[in-house]
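Geometric and topological summary
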Amino acid sequence: GQNIDQPTEMTATEGAIVQINCTYQTSGFNGLFWYQQHAGEAPTFLSYNVLDGLEEKGRFSSFLSRSKGYSYLLLKELQMKDSASYLCAVLTGRRALTFGSGTRLQVQP
Amino acid sequence: GAVVSQHPSWVICKSGTSVKIECRSLDFQATTMFWYRQFPKQSLMLMATSNEGSKATYEQGVEKDKFLINHASLTLSTLTVTSAHPEDSSFYICSARMGASGQETQYFGPGTRLLVL
């Protein structure tokens, strides 16, 4: 079966750094995605990791360890507009995305 | 990034009617598109994989006769909810796959909000 776990909610302060963790156990692995989703909107692509290590893209970084079934999304210099749900998704052997339940991040002033 | 559109963005219909939702990749060709459903405060659940020129592959528990998928061209996939009922009210989102294996990603359309009365 497929199992993707991430925290339900997190709170952080504007200007700070926050790390959102994701652990997964899936049948087949072809990469891990992070998406941002604001309420009532569709997800927007943030990052894709297929090899171990850190991928940095501006204020956002994503890390993957395939042997541990673990990834994290790091958000730096938090802004109020970063308040959203962050979805961890694994590209399985069938090349479809299986999503975690999402982490609702609340950025406070 | 790549653009995927959906139409309509929202629809309200009476119970028993059928609703068609279109998903288009606007600036690239997508041999594979995916249909997801999202209920309030829940994550996206894959419904089916739509393959151009062949039958869709449905996830377990998704009725293929109720959710008809047609992928007639490399830029268009349609989802028809037949005989819709209130429990079908949800946020339907499509995505299109782009890129080769190892460098691929999926871009999502803006979603279609369906309310069945």
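Relevant structure appears above.
What comes next concerns the included structure. (Residues numbered from 1 in each chain as written. Chains lettered and ligands numbered in written order. Predicted model: local features only at pLDDT ≥ 70, side-chain atom pairs only at ≥ 80, totals over all residues. Heavy atoms only, no water.)

Notes on the overall build of chain B
Worth spelling out the cut-off: Working definition: helices are DSSP H or I runs of at least four residues, strands are E runs of at least two. Numbering for both runs from the N terminus. Using C-alpha atoms as the atom set, the radius of gyration is obtained and then compared with a globule rule of 2.2 Å times the number of residues to the power 0.38. Areas reported as accessible are Shrake-Rupley estimates using a 1.4 Å probe. Residue values count occlusion only from the protein chains shown. Positive: Lys, Arg. Negative: Asp, Glu. His and the chain ends are not part of the count. To locate a charge, take atom NZ for lysine, CZ for arginine, CG for aspartate or CD for glutamate.
Check the secondary structure of chain B and you find zero helices and 11 strands. Overall, chain B shows an N-to-C arrangement of helices and strands of β-β-β-β-β-β-β-β-β-β-β. At 14 Å, chain B has a C-alpha radius of gyration in line with the 13 Å of a compact globule built from 117 residues. Projected onto the principal axes, the alpha-carbon positions of chain B cover approximately 40 × 25 × 25 Å. By element, 53% of the accessible surface of chain B is carried by carbon and sulfur atoms, the whole surface being about 5900 Å². Taken together, the 10 basic and 9 acidic charged side chains of chain B have centroids lying 5 Å from each other.

With respect to the sheet that holds strand β1 (residues 4-7) of chain B
All names here are of chain B. Let me state the cut-off plainly: If DSSP finds at least two bridges between two strands, the strands pair. Comment: axis = line fitted to C-alpha atoms, over the contacting stretch for helices; angle = value between 0 and 180 degrees taken between N-to-C directions.
Sheet architecture is open: four strands sit in the order β1-β3-β8-β7, paired in antiparallel fashion. Of all strands in the sheet, those bounded by a partner on one side alone are β1 and β7 (67-73). Strand-to-strand, the axes of this sheet are offset by a mean angle of 15 degrees, without reference to chain direction. Bridge count between β1 and strand β3 (residues 19-25): four bridges; the pairing is antiparallel. For histidine 7, the partnering residue across the bridge sits in β3 and is glutamate 22.

Re a nonpolar patch on the surface
Residues and elements named next belong to chain B. Definition in use: A patch consists of residues exposed above 30% relative accessible area that lack any salt bridge, with like charges linked at up to 9 Å and nonpolar side chains (Val, Leu, Ile, Met, Phe, Trp, Tyr) linked at up to 5 Å. By salt bridge we mean one thing: a side-chain nitrogen of Lys or Arg within 4 Å of a carboxyl oxygen of Asp or Glu. The buried label goes to any residue with under 20% of its type's maximum accessible area, the exposed label to any with over 50%, and the partly exposed label to all in between, with areas taken from a 1.4 Å probe on protein chains only.
The grouping of Trp10, Ile12, Leu115 and Leu117 at the surface amounts to a nonpolar patch, some 460 Å² of accessible area in total. Mapped onto the secondary structure, leucine 117 falls in the segment after β11 (112-116). The class for leucine 117 is exposed, based on a relative accessible area of 60%.

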